[in-house]
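Results of the structural survey
What follows is each chain in one-letter form.
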Amino acid sequence: MSALLDETMTTANDTLHGDMANAIRALSMDAVEQAKSGHPGMPMGMADIATVLYRRHFKFDPGAPDWPDRDRLVLSNGHGSMLLYALLYLTGYPKMTLDQIKQFRQLGSITAGHPEYGHAPGIETTTGPLGQGIANAVGMALAERMLNARFGDDLVDHDTYVFLGDGCLMEGVSQEAISLAGHLRLNRLICLFDDNSISIDGPTSLATSDDAVARFTASGWKAWQIDGHDPEQIDAAITEAKASDRPCLIACRTTIGYGAPKKGGTAAAHGAPLGAEEIAATRAALGWSHAPFDVPDGLLKAWRSLGARGKAAHADWAKRLDGLDAATRAAWDAGQTRTLSAAATQALADHKRKLADEQPKWASRKSSQEALNAFAPAVPFLIGGSADLTGSNLTKPADTAVVTADDFSGRYLHFGVREHGMAAALNGIALHGGFIPYGGTFFCFTDYARPSIRLSALMGVQAIYVMTHDSIGQGEDGPTHQPIEHLASLRAMPGLLLMRPADAVETAECWHLALETREQPSVLVLSRQGLPALRTTFRDDNPCAQGAYVLSEADGPRHVTLLASGSEVATAVDAKAKLAEQGIRAAVVSMPCWELFEDQDDAYRSAVLGDAPRVAVEAGGAFGWTRYVDRESDVVGMTGFGASAPGADLFEHFRITATAVAERAQAVIARNAGR
């Protein structure tokens, strides 16, 4: 404990502690009141916990908010965002000014209703959808242990703290995250549970009777309950948690809206301003006589001194970093910047050349595995796993060690049947830094992972989702496992790159794009069934980077353009041959990524799409294709759910065939000729 802390925290009745905590309470209730919107109760209830954490334990340097070895604080109960904003302002983080506090929840401010990653330094992740924060934190704590296994305590030795509430624990993703963290014994993960027994509807007893301590204990955590308003109990609990060999839950009994005479301890303090009369009464009850948004200079100085304290620790760390040998420093920098080496780029090029020569007829999930085998050794900061589908997703590169609770030096993660928790953990790993994470499951089960995928896109983080069994080609498992609407659904999501490659070469190129796209998540949509080789001539460039390209041009002016993605590109190529027998000149356009195609200039897009009538073919719903064709009826695809049968039989049954495409093309040509 530092000299500053010895001087300022000597008794349980520490006056300075109370004043510092009340500064959080006052800023929170004032900002919510001015905005006429927000959640004052949680910040007021957790102010004591936050004050003890920052005064006695939290390792941070506001002048270097991206310091890799800082402690992380995740506000899983993100509706209480004013707690985080108050902490960032009080401790002196750049950008978080008093004016920003006064602009809480206003257009253009960095103090959004829920914390948004990238809006301000010190916001570690976007939270608000309850349960996401604790699941992100599992990824962060996992990344810390994995980096520590590679670089040691001198560079990586920090804790991940989580503030969470009853709602976080009601959401199902929390159990996935809790279970995984307990299994891996992530002992640098410390959760402080705002155990106030209040939700929006009223007492939590209306909807739940869970014993949180027993639940966490059953999942392999150390868990116990304390008084969340007693600074000495809070300090002792955090100290105990930091020495634990397991992740810890500290259930802090608190009063929501602490200090509010009438609304404190009730749902009225949860999600609405306290009101002028109640705020005045709260000021009196807390002994806080200062005007709205006024934090006395002496008190602000006390808070700012906590931020200044971290500079020395950061400087010592920087000296250790500078003292590394050249090879270790290069490895560290590569992971932090996520920059592909020349060796990785060459490995991908060599792999593409080999594919063009050998022309394998692999399923694109197999092509993905072979691409991983080719470049993964040259990308040591690429880590990944699967939601209990390793043998189906083919996400494990050859000779890759598995991460376990006893050894974090591996690169492969068994996430278990936890698609949602896996996706949220990928976000946490990406946010932590040092790795590019990927995770696999069946494409249909993006439904389970979608909330976390959406947050990947909202935050702009480099998480890679490897989604296999992408259509009715999945076959015998039937319609419960066969994606139909999923392509359209994920294409509708802003900020997400969805890539559906047509053969082994395109799969390698899409992997390359995912590895180089550092500020967006990617979804690789891959087939179960084998696909013919279509790209049989080596190209140095990456045509998939344009999102769509002419795979096979017409022999003369086009009569029709056939558009397709993934496994149906081969169907379009076969349809082109059938049309040629009728004297109809067709071009085939492969469209692995609509989002990248839309980023191209008008001239390129016009050249690819051409002026001739267009027909699309894709083994999914037609929704969305009218961006490129005149009518949904110009799409050969699915109009309902699939069925249980061998995949090849299903393509015939649902008429997603070259013959059907050729017939549709002839009909569209005839219709256009009659205009």
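Residues numbered from 1 in each chain as written. Predicted model: local features only at pLDDT ≥ 70, side-chain atom pairs only at ≥ 80, totals over all residues. Heavy atoms only, no water.

To continue, consider the nonpolar core. In this structure, Leu189, Phe375 and Trp511 are the most contacted members of the largest nonpolar core, which totals 103 residues. Broken down by element, this core gets its largest block of residues, 11 residues, from helix α6 (residues 132-151). Leave out the neighbours within four places in its chain, and Trp511 touches Ser368, Ala371, Leu372, Phe375, Tyr438, Ile464, Val466 and Leu524. Among the nonpolar cores identified, the runner-up in size contains 60 residues, and Ala47, Val52, Ala120 and Ile123 belong to it. (Core = buried A, V, L, I, M, F, W, Y, C linked by side-chain atoms within 4.5 Å. Buried < 20%, exposed > 50% of the residue type's maximum accessible area, 1.4 Å probe, protein only. Helix = DSSP H or I, 4+ residues; strand = E, 2+ residues; numbered from the N terminus. Contact = heavy atoms within 4.5 Å.)

Here Asp154 lies in the loop between α6 and β2 (160-165). Each C-alpha atom, one on Asp154 and one on Trp317, is 7.2 Å from the other, the two residues being 163 residues apart in sequence. Asp154 has contacts with Trp317 and Arg320, leaving out every residue within four places of it along the chain.

This next bit is on the packing of aromatic side chains. Counted according to the given criterion, the structure contains 19 aromatic pairs. Consider the rings of Tyr54 and Phe60, whose centres lie 5.1 Å apart with planes at 65°: the pair is edge-to-face. Residue class for Tyr54 comes out buried when judged on its relative accessible area of 2%. With 4.9 Å between their ring centres and 90° between their planes, Phe216 and Trp221 make a pair best called edge-to-face. For the pair Phe216 and Trp221, a shared accessibility class is recorded, and that class is buried. Here the aromatic cluster, defined as three or more aromatic residues joined through ring pairs, consists of Tyr54, Phe58, Phe60, Tyr93 and Tyr161. (Phe/Tyr/Trp six-rings, centres within 6.5 Å; stacked < 30°, edge-to-face > 60°.)

This part is about the packing of helix α14 (residues 342-358) against helix α15 (residues 364-375). The contact between α14 and α15 brings their axes to 8 Å, and the two run at 135°. Between α14 and α15, the angle falls in the class oblique. Viewed along their axes, α14 and α15 form a crossing whose handedness is right-handed. Facing Ala344, Ala347, Leu348 and His351 of α14, the residues of α15 in contact are Glu370, Ala371, Ala374 and Phe375. Looking at the contact of α14 with α15, its residues break down into 6 nonpolar, 1 polar and 1 charged. (Axes fitted to C-alpha atoms, helices over the stretch in contact; angles between N-to-C directions. Parallel < 35°, antiparallel > 145°, perpendicular 65-115°, else oblique. Left-handed = near helix turned anticlockwise from the far one by under 90°. Nonpolar A, V, L, I, M, F, W, Y, C, P; charged D, E, K, R; others polar.)

Turning next to the sheet that holds strand β9 (residues 412-414). Two pairing modes exist for strands in a sheet, parallel and antiparallel, and in both the strands are linked by backbone hydrogen bonds. Pairing in this open sheet of 6 strands is parallel, and the strands run β9-β8-β10-β11-β13-β12 from one edge to the other. Since the sheet does not close on itself, it has two edges, and those belong to β9 and β12 (497-499), each with one partner. Geometrically, the sheet is characterised by an average inter-axis angle of 20° between neighbouring strands, direction not taken into account. As judged from the 3 bridges shared by strand β8 (residues 382-386) and β9, these two strands associate in the parallel manner. By the bridge assignment, Gly385 is partnered in β9 with Leu413. The strands touched by helix α17 (residues 419-432) are β8, β9, β10 (436-442) and β11 (464-468); relative to β10, the strand with the most contacts, the crossing angle is about 170°. (Pairing = 2+ DSSP bridges.)

Next up on the list: the pairing of strand β1 (residues 72-75). In the case of a regular strand, side chains alternate between the two sheet surfaces. Burial along β1 is two-sided: Arg72 and Val74 and Leu73 and Leu75, pointing in opposite directions, are all buried. Sheet topology note: the β1/β2 ladder contains 4 bridges and is parallel. Its bridge partner lying in β2, Arg72 is registered against Thr160.

Let us now look at the sheet that holds β1. Read across the sheet, 5 strands follow the order β1-β2-β3-β7-β6 without closing on themselves; strand pairing throughout is parallel. Where the open sheet ends on each side, the last strands, each with one partner, are β1 and β6 (222-227). Each adjacent strand pair in this sheet contributes to an overall mean axis angle of 20°, direction not counted. Strand direction decides the pairing type here: strand β3 (residues 189-195) and strand β7 (residues 248-253), joined by 6 bridges, are parallel. The partner of Asp194 across the bridge, within β7, is Cys252. Against the sheet, helix α4 (residues 81-91) engages β1 and β2, with an angle of about 150° to β1. Sheet contacts for helix α10 (residues 231-242): β2, β3, β6 and β7; angle to β6, the most-contacted strand, approximately 170°.

This part covers α10. Between its first and last C-alpha atoms α10 spans 17 Å; for 12 residues at 1.5 Å apiece the expected length is 16 Å, and the two agree. Of all the positions in α10, only Pro231, Ile234, Asp235, Ala237, Ile238 and Ala241 are classed as buried. Down the axis of α10, the smallest arc covering the buried residues is 165°, so these residues share one side. If you follow the buried residues of α10, they end up packed against α2 (15-35), α3 (41-56), β2, β3, β6 and β7. Capping the start of α10 is the job of one residue whose side-chain oxygen sits 3.0 Å from the backbone nitrogen of Glu232: Asp230. (Expected span 1.5 Å × (residues − 1). Arc of directions from axis to C-beta. Polar contact = N/O pair within 3.5 Å; in protein donor to acceptor, adjacent residues only side chain to side chain.)

This paragraph deals with the side chain of Thr126. The residue Thr126 is located in the loop between α5 (98-102) and α6 in this model. A residue is classified by how much of its surface remains accessible, and Thr126, at 5% relative accessible area, is buried. Within the local environment of Thr126, its side chain forms a polar contact with the backbone nitrogen of Tyr117, the two atoms lying 2.8 Å apart. Not counting chain neighbours up to four residues away, the residues in contact with Thr126 comprise Pro115, Glu116, Tyr117, Asn136, Leu455, Leu458 and Met459.

With that settled, the discussion passes to helix α12 (residues 297-322). Compared with an ideal rise of 1.5 Å per residue, which puts 26 residues at 38 Å, α12 spans 37 Å between its outermost C-alpha atoms and is within 8% of the ideal. Within α12 the residues assigned to the buried category are Leu299, Leu300, Ala302, Trp303, Leu306, Gly307, Gly310, His314, Trp317 and Leu321.

Turning our attention to the state of the cysteines. Across all of its chains, the model carries 0 disulfides by this definition. With no disulfide of its own, Cys252 lies 11 Å from the sulfur of Cys191, the closest cysteine sulfur. (Disulfide = S-S within 2.5 Å.)

What follows covers the pattern of salt bridges. Here the structure, examined in full by the defined rule, presents 32 salt bridges. A salt bridge links Arg253 to Asp195; its shortest N-O distance comes to 3.4 Å. Note that Arg253 is positioned in strand β7 and Asp195 in strand β3, a separation of 58 residues in sequence. Three or more residues are tied together by salt bridges with common partners; here these are Glu144, Arg145, Asp157, Asp159 and Arg188. (Salt bridge = Lys/Arg side-chain N within 4 Å of Asp/Glu carboxyl O.)

Secondary-structure assignment places Thr446 in helix α18 (residues 446-459). For Thr446 and Pro483, which are 37 residues apart along the polypeptide, the C-alpha to C-alpha distance reads 9.4 Å. Excluding its chain neighbours within four sequence positions, the residues that come into contact with Thr446 are Ile453, Met467, His486 and Leu490.

A word on the confidence of the model for the protein. In the predicted model, the protein carries a mean pLDDT of 96, and the fraction of residues at 70 or more is 98%. In this model, residues 1-13 is a region of pLDDT below 50 whose contacts with residues beyond four sequence positions or in other chains number 22 contacts. (pLDDT = per-residue confidence, 0-100.)

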